[in-house]
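What the coordinates show
Each chain, letter by letter, is given below.
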Amino acid sequence: MGIGFLISRATLRYGGQAVLEGVMIRGPAGIAVAVRAPDGRIVLRSMPLPPRRRWQRWPLLRGVFILWETLRWGMEALWFSAMVAAGESEAQEVRDSPLAWLTIAVSFALALGIFLLLPAFLAEGIERALGLSSWIRTTLEGIFRLGLVIGYLAMVGRHPEIRRVFAYHGAEHKVVHALEAGAPLTIAGARPFPTAHPRCGTAFLLTVVVIAAILFAFLPSSTLMERLALRLALLPVLAALAYEALWLSARYQHVRLVAALSAPNLWLQRLTTREPDDGMLEVALAALRTARAMEQAQEPPRLVEFEESSAS
């Protein structure tokens, strides 16, 4: 699923993510979620965004703020897609239940433990067993972290339902590409574009891993528990630096050196995107059009249900 960062250039204002049988698109004025219901309808929800304060646009601080916003609105979009699939009352009960929040908290803790702390434990064990230097230990930690991320993405991508989510992820990228290129916002107009995008959340993950390897190499060599505490404390710093790196790569993608440096980000998206079918592109376009309507102050309703021809 893709994290949609808002970059300050006019042509780079839209991003989003895939949800269950749908797509979330975020624009300057609000968020639109379009989901394919079991009966074939496209069910759409729009949510306006509050205006940004000046400090929320400051370099480094904006990365942490936008990451938090992305996680918050991404969860809202996932809940809405579950609502469409399971029925409104049933999904609302799950959303409001303490068990749901406990599940989210446990999942977040597991993700931190596996992808942030486990590599440090593994590298520490190898260092003690082989008597390696701290630099080699830090290098091994970065390799283990990258391997876990790639292995996890490759593993979950084998599940049929996740493959459909990844196909919607590809649809989201295609329609954003079409908007940025000035192509017609139709299925035929979006189809030729690639499924990879420089501002994807997969690119963010890889950028965090790389920056973490560099940053952690300069931390003082101390006890294992102190190093683990430092890694947790530096999470906001990693998010801020990764966002700024993506901001620069998206802005200067036309420069050959920048394009070459960001190429691994695009390669990794082969694991998290698939070619969408026309119906998936139709859903992504519905979300994008609604987000654009919000920017143009056309005031779409908060919850709309409609059908759209595949020939659009």
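What counts, and where the lines are drawn
Residues numbered from 1 in each chain as written. Predicted model: local features only at pLDDT ≥ 70, side-chain atom pairs only at ≥ 80, totals over all residues. Heavy atoms only, no water. Helix = DSSP H or I, 4+ residues; strand = E, 2+ residues; numbered from the N terminus. Buried < 20%, exposed > 50% of the residue type's maximum accessible area, 1.4 Å probe, protein only. Contact = heavy atoms within 4.5 Å. Areas by Shrake-Rupley, 256 points an atom, 1.4 Å probe, with all protein chains shown as cover. Phe/Tyr/Trp six-rings, centres within 6.5 Å; stacked < 30°, edge-to-face > 60°. Lys NZ or Arg CZ within 6 Å of the ring centre and 35° of its normal. Salt bridge = Lys/Arg side-chain N within 4 Å of Asp/Glu carboxyl O. Patch = residues over 30% accessible without salt bridge, like charges linked within 9 Å, V, L, I, M, F, W, Y side chains within 5 Å. Axes fitted to C-alpha atoms, helices over the stretch in contact; angles between N-to-C directions. Parallel < 35°, antiparallel > 145°, perpendicular 65-115°, else oblique. Nonpolar A, V, L, I, M, F, W, Y, C, P; charged D, E, K, R; others polar. pLDDT = per-residue confidence, 0-100. Pairing = 2+ DSSP bridges.

Overview of the overall build of the chain
Counting its regular elements, the chain contains 12 helices and five strands. When burial is assessed residue by residue, the chain has 46% of its 312 residues classed as buried. Of the contacts formed within the chain by residues at least 6 apart in sequence, a portion of 66% connects residues at least 24 apart. Looking at the chain as shown, the accessible area adds up to about 15600 Å², and 67% of this sits on carbon and sulfur atoms.

Observations concerning the packing of aromatic side chains
Summed over the entire model, instances satisfying the criterion amount to two aromatic pairs. With 5.6 Å between their ring centres and 75 degrees between their planes, Phe-115 and Tyr-152 make a pair best called edge-to-face. Taken together, the residues Phe-115 in helix α3 (residues 98-130) and Tyr-152 in helix α4 (residues 134-156) connect sequence positions 37 residues apart. The partly exposed category is assigned to Phe-115, whose relative accessible area is 23%. A ring pair is formed by Trp-135 and Phe-218, whose centres lie 5.9 Å apart and whose planes are at 85 degrees; its orientation type is edge-to-face. Of this pair, Trp-135 sits in helix α4 while Phe-218 sits in the loop between α7 (201-217) and α8 (224-233), placing them 83 residues apart in sequence. Across this residue pair, the class does not change: Trp-135 and Phe-218 are exposed. Over the aromatic face of Phe-216 sits the side chain of Arg-231, whose NZ or CZ is 4.3 Å from the ring centroid.

Some remarks on the pattern of salt bridges
Per the counting criterion, the structure on display carries 12 salt bridges. Measuring nitrogen to oxygen at the nearest pair gives 2.7 Å for the salt bridge that ties Arg-41 to Asp-39. According to the relative accessible area criterion, Arg-41 is partly exposed, its value standing at 24%. The partner of Arg-231 in a salt bridge is Glu-141, and the shortest N-O contact between them spans 2.7 Å. Separated by 90 residues along the polypeptide, Arg-231 in helix α8 and Glu-141 in helix α4 bring together distant segments of the chain.

Here we look at a nonpolar patch on the surface
Nonpolar side chains collect at one region of the surface, where Leu-102, Val-106, Leu-110, Ile-114, Leu-118, Phe-121 and Leu-122 lie side by side and expose about 590 Å² of accessible area between them. For Val-106, the position within the fold is in helix α3. For Val-106, a relative accessible area of 41% puts it in the partly exposed group.

Some remarks on the packing of helix α1 (residues 61-86) against helix α9 (residues 235-251)
The interhelical angle for the contact between α1 and α9, taken along N-to-C directions, is 100 degrees, at an axis separation of 7 Å. Judged by the inter-axis angle, α1 sits roughly perpendicular to α9. Here Arg-62, Gly-63, Val-64, Ile-66 and Leu-67 of α1 lie close against α9, whose contacting residues are Pro-236, Ala-239, Ala-240, Tyr-243, Glu-244 and Trp-247. The residue inventory of the contact of α1 with α9, partitioned by class, reads eight nonpolar, one polar and two charged.

A few points about the confidence of the model for the chain
Averaged over the chain, the pLDDT score is 81; the fraction of residues at 70 or greater is 86%. Of all the helices and strands in the chain, strand β5 (residues 303-306) carries the lowest mean pLDDT, 40, while helix α6 (residues 187-190) carries the highest, 95. Of the regions scoring below 50 in pLDDT, residues 1-11 engages in 46 contacts with residues more than four places distant in sequence or in other chains. Counting interchain partners and residues more than four positions distant, the pLDDT-below-50 stretch residues 298-312 has 36 contacts.

Description of the environment of Gly-30
Mapped onto the fold, Gly-30 is located in strand β3 (residues 30-36). Once the C-alpha coordinates of Gly-30 and Glu-295 are considered, the two residues, 265 residues apart in sequence, prove to be 7.4 Å apart. Ignoring sequence-local partners within four residues, the contact set of Gly-30 consists of Ile-25, Met-47, Pro-48, Leu-49 and Met-294.

Topic: the pairing of β3
Of all seven residues in β3, six are buried; the element is thus mostly enclosed. Here five bridges tie strand β2 (residues 22-26) to β3, and the two strands are oriented antiparallel to one another. Paired with Val-23 across the bridge in β3 is Ala-34. Counting the residues in the hairpin turn of β2 and β3 gives three residues. For β3 and strand β4 (residues 42-48), the ladder comprises seven bridges, and the chain directions are antiparallel. Along β4, the bridge assignment pairs Val-33 with Arg-45. Count of turn residues in the β3/β4 antiparallel hairpin: five residues, of which Gly-40 carries a positive phi of about 100 degrees.

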